[in-house]
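# Residue-level structural notes
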Protein chains: 2
Amino acid sequence: MDVTDSKGETAFHYAVQGDSSQVLQLLGKNASSGLNQANHQGLTPLHLACQLGKEEMVRVLLLCNARCNMAAPCGYPIHMAMKFSQKGCAEMIVGMDSNQIHSKDPRYGASPLHWAKNAEMARMLLKRGSDVDCTSASGNTALHVAVMRSRFDCAMALLTYGANAGARGEHGNTPLHLAMSKDSVELVKALIVFGAEVDAPNDFGETPAFIASKISKQLEDLVHVSRARKPPFLLSSTRDEKRTHDHLLCLDGGGVKGLVIIQLLIAIEKASGVATKDLFDWVAGTSTGGILALAILHSKSMAYMRGLYFRMKDEVFRGSRPYESGPLEEFLKREFGEHTKMTDVKKPKVMLTGTLSDRQPPELHLFRNYEAPEAFREPHISPNVNLKPPAQPSEQLVWRAARSSGAAPTYFRPNGRFLDGGLLANNPTLDAMTEIHEYNQDLIHKGQGNKVKKLSVVVSLGTGRSPQVPVSCVDVFRPSNPWELAKTVFGAKELGKMVVDCCTDPDGRAVDRARAWCEMVGIQYFRLNPLLGTDIMLDEVNDAALVNALWETEVYIYQHQEQFQKLVQLLLSP
Amino acid sequence: MDVTDSKGETAFHYAVQGDSSQVLQLLGKNASSGLNQANHQGLTPLHLACQLGKEEMVRVLLLCNARCNMAAPCGYPIHMAMKFSQKGCAEMIVGMDSNQIHSKDPRYGASPLHWAKNAEMARMLLKRGSDVDCTSASGNTALHVAVMRSRFDCAMALLTYGANAGARGEHGNTPLHLAMSKDSVELVKALIVFGAEVDAPNDFGETPAFIASKISKQLEDLVHVSRARKPPFLLSSTRDEKRTHDHLLCLDGGGVKGLVIIQLLIAIEKASGVATKDLFDWVAGTSTGGILALAILHSKSMAYMRGLYFRMKDEVFRGSRPYESGPLEEFLKREFGEHTKMTDVKKPKVMLTGTLSDRQPPELHLFRNYEAPEAFREPHISPNVNLKPPAQPSEQLVWRAARSSGAAPTYFRPNGRFLDGGLLANNPTLDAMTEIHEYNQDLIHKGQGNKVKKLSVVVSLGTGRSPQVPVSCVDVFRPSNPWELAKTVFGAKELGKMVVDCCTDPDGRAVDRARAWCEMVGIQYFRLNPLLGTDIMLDEVNDAALVNALWETEVYIYQHQEQFQKLVQLLLSP
């Protein structure tokens, strides 16, 4: 059994290359050095099985105690599995010996993650605890490698798991240096969007911006836009507890496009040097905006949320509509805790919009982390006694509130009696202002007028909007023949779309009304919502499309620098 | 030919009772006194033909110059046709001799209208110019007779053509006296709703209220409610041109339920002694509310509009949805003129909401009777150059604006690219306030800040709302079997309804938002919208159901007397 042929291969090598795992099982019954014997190329039978992607052979070899830590010139069996993108084999090895995930190959000192050739392989390792910023012997991270090899999807997987976009690798190059050199616009955008700096010098004093200037005008333009994010001043002030006026942040609905809000908030945080949580006293959100409001409340960094959103979408928007709600709910429970109540964290005050759909007409419900203001005036709609009142804030689970606010009809099934808040307040600004007014009135009514703070700044963030396009007229009429019937069905569908558009448009009148209201009262109103080049769906899963939307957000921030600066100054003033 | 039989009947009488009009035609060829000969009952052949409803015989007799003004004890042939509800015969007589419509029978001195036994017959005469308040020998109007005979539909037809609900007839009784005596709740409600007074004494000093007190508790209650309309003070002040603050009136959409708005306005006008036109500086309306805004602008009395609405509905909501738009457009042209432009009448400032549906997302358009405020800030939605701008106010036809605002999808076909304003602003208050703010900003921007008047009162009138009812959950999911497919289709339909409800609910958040806005700015806000006992559709045609809705409006006014008084005082203060 330990006999080798001219290539140095044992019976085990042959069995692995054969068809039957039973032969291998028989061979493995007795301990034999042939089990871990390397052939003349340095490959053990386990290397070979990994290369060939023979999962069953890997399983049998591992059961026979084949060793995972046998180094070939190209590395351990795990590296072999990664090199040939044999996911099942790699999973089996890591399952048997979890340390293998950190093993470095002898030649490059590279971890299995460095060897990942696509997003799927990278994600598999990252989910199992691979260090995303682990460096090879030359000092490069897996992100450097992915960029060097122009593996966009792989780079995205790494970035969304928190890879440092500004990591200095070999010769002090960041991944952005490498992307610039390769003239890879898509990767340059992704890296900048994820925080890479265009002015970070490498060991030779060259910045990505400098490289861009040598390569193309287009890259130069990207550099130019990205510099808008460099704050004109950087303060480290924290929340001023003695602020005399309140600030309100309002976050629209829009599914995965919540990424646009995240990117806007990152820009505001960068320019102000203060976390969103400390910049605002009230945060209102609808659907995806509601989830982000809770993330702010629970001190999650927006950079983390960006990665989370990219990762969530692939699991949540799987299959066809309506999507299973399990994965979304799992995410929410994991992030916010299964038993966390709305009132567990009190500052800032947060409200999420939901649509109570167990009644006609449907009613807005606000999920709050504070006691609802008491209605001291006669309710203008007499409540139906048969309708169960919603849970009190102190009883309301956070993850359920998030799920209830984000139950976009036809995308997800309703959460009990709640439908997406977007049906009544896709842009929650007007309702947040109404709520704050009622809250203050309630304080006055209770003799606590001294606690009332006037609203001074309202910031309303959108999830990106599509260009306005002409549509043919929406008409529904009595059909008089089959051709007209078809037109009628089409008309009814278009009409349905138009009604939904009217109902959920967060720009247009929602913005005009909020602006007029604020201006009348003397509140500073800021509406930030980038125009996107293409229509991006709530459930878009294409990374490149989303990176592009975020890039367009950067361009928007660049074009509205003055507005951003004015906003930040107002937010920081006492 | 002039020979008569034992009953005094001539060959003409016989011919009329026969089957062939040719015989009659032959007889009529030569002039003969038999043509107009009365039988022993006093009936001429024409009387007989009318009684029997033989339209062809009537036609031939009239062609042969049979006389219409031959009196039998029961009256002229036209009275005979009315008595037996022979519409075609009556029409033919009136067509031949239009004076017949005013002819009085010798016994009662009653006009044909007094003889009308149903709404159809009454309407036929009223459309042809019959005097609705014409009195019989005893001094009764047709309305007295209809009430005495408990002809609800006939009474409604008379009221909607402007019959005086308070007309004093025999013994000084008003129709309300008679309705009370008959304990006819439905008629009592209709008469009160149309303005009958419960405290008008007859010749014996008895008021309807007194009669009610003798008949039943229910009638007494009706009397009690109706007294709320009696104004605590009656002023004859007219519009104060020097008013320092502006008043805004907002009228919701709701089809025929616009009658509720009319009834509310009548109460306000009664209590203030001033026409709506002079009480408000701005009037905003959606759909039916838009039509009423134009009616106010063009000085049409609300009592007239009430009758018009009752008459319109039967012609406009005929057949099945979507209804032909012809009749509606005819009504609008007749009322507002075919060529009248929006700017032809300038005060008060009026805006009608419409939904521009030739673009996605759809956009609100305001039809104004004044120049639109110039947008001096960067438009937050860049207009698509391919989209044609709407007409200027000075070019906009009034009737088209009314039609465009009131193009409720599936009820009517769109008017060109306009859909009902209700899709974006079924309660137009927020948009009206936005518009007024922008108008004032524009004035300031143009250096005409001295012309800016602060808004001090906002009155928002609804078209009645239905009680909130529980509904089963709206769910759309992937069907896995035929039964589930059915549920899905049902769910999709329910969902569609829910989305439309969210989109168009004029109460709920629309009111909360407007109230909070007004309170923040120090504007007095009044929302008046009666709760209706049943769900009344946009296209309800049942008179009794509509009268009941108006009665419920009276009850609402009764219950909110204090609010009405406060409102009227504010409207009248300088």
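Only a predicted model underlies this, so the values are computations on that prediction, with no experimental measurement involved.

### Topic: the packing of helix α6 (residues 87-96) of chain A against helix α8 (residues 119-127) of chain A
Residue and element names in this part refer to chain A. At a closest axis distance of 11 Å, the pairing of α6 and α8 adopts a crossing angle of 10°. Classified by the interaxial angle, the pair formed by α6 and α8 is roughly parallel. Crossing angle aside, the handedness with which α6 passes α8 is right-handed. Side by side, α6 and α8 meet where Lys87, Ala90 and Glu91 of the first sit next to Glu120, Met121 and Met124 of the second. Taken together, the residues of the contact of α6 with α8 break down into three nonpolar, no polar and three charged.

### Brief notes about the interface of chain B and chain A
On the chain A side, the residues contacting the 74 residues of chain B number 74 residues. Carbon and sulfur atoms make up 58% of the surface buried where chain B meets chain A, a total of about 6,900 Å² over both sides. There are four salt bridges connecting chain B and chain A. For the salt bridge of Arg513 of chain A with Asp431 of chain B, the shortest nitrogen-to-oxygen distance reads 2.6 Å. Our enumeration of links across chain B and chain A arrives at twelve residue pairs in polar contact (both at pLDDT 80 or more). Counting only elements with at least two residues in the side of chain B that touches chain A, the list comes to β4 (359-360), β5 (363-368), α21 (422-425), α22 (429-445), β8 (469-470), α23 (482-504) and α24 (509-521) of chain B.

### Concerning the relation of the copies chain B and chain A
Between chain B and chain A, the superposition needs a rotation of 179° and an axial shift of 0.1 Å, giving an RMSD of 0.1 Å. What we have between these two chains is a two-fold relation. If distances are taken from each C-alpha of chain B to the rotation axis, the shortest is found for Cys503 of chain B, at 2.4 Å. Residue by residue, 99% of the interface of chain B is reproduced at the interface of chain A, so both copies engage with the same surface.

### So, the domain arrangement of chain A
All names here are of chain A. Domain assignment breaks chain A into domain 1 (1-103), domain 2 (111-230) and domain 3 (245-376 + 392-465 + 522-572). The centre of domain 1, based on its C-alpha atoms, is set 34 Å off from the matching centre of domain 2. If you look at the interface, domain 1 gives 16 residues, while domain 2 gives 13 residues. Counting each side, the surface lost to burial between domain 1 and domain 2 is near 1,300 Å², with a carbon and sulfur contribution of 73%. A per-residue breakdown of the area domain 1 buries against domain 2 is headed by Met82, Lys87 and Ile101, which together make up 46% of the total. At the junction of domain 1 with domain 2, the criterion picks out two salt bridges. The tally of links from domain 1 across to domain 2 stands at three residue pairs in polar contact (both at pLDDT 80 or more). Of all the elements in the fold, those that place two or more residues in the side of domain 1 that touches domain 2 are α5 (77-83) and α6. Partitioned by chemical class, the residues of the side of domain 1 that touches domain 2 number seven nonpolar, six polar and three charged.

Calculation rules
Residues numbered from 1 in each chain as written. Chains lettered and ligands numbered in written order. Predicted model: local features only at pLDDT ≥ 70, side-chain atom pairs only at ≥ 80, totals over all residues. Heavy atoms only, no water. Axes fitted to C-alpha atoms, helices over the stretch in contact; angles between N-to-C directions. Helix = DSSP H or I, 4+ residues; strand = E, 2+ residues; numbered from the N terminus. Parallel < 35°, antiparallel > 145°, perpendicular 65-115°, else oblique. Left-handed = near helix turned anticlockwise from the far one by under 90°. Contact = heavy atoms within 4.5 Å. Nonpolar A, V, L, I, M, F, W, Y, C, P; charged D, E, K, R; others polar. Buried area = accessible area lost by both parts, 1.4 Å probe. Salt bridge = Lys/Arg side-chain N within 4 Å of Asp/Glu carboxyl O. Polar contact = N/O pair within 3.5 Å; in protein donor to acceptor, adjacent residues only side chain to side chain. Least-squares fit on C-alpha atoms with pLDDT ≥ 70 in both. Domains from an automatic or database assignment.

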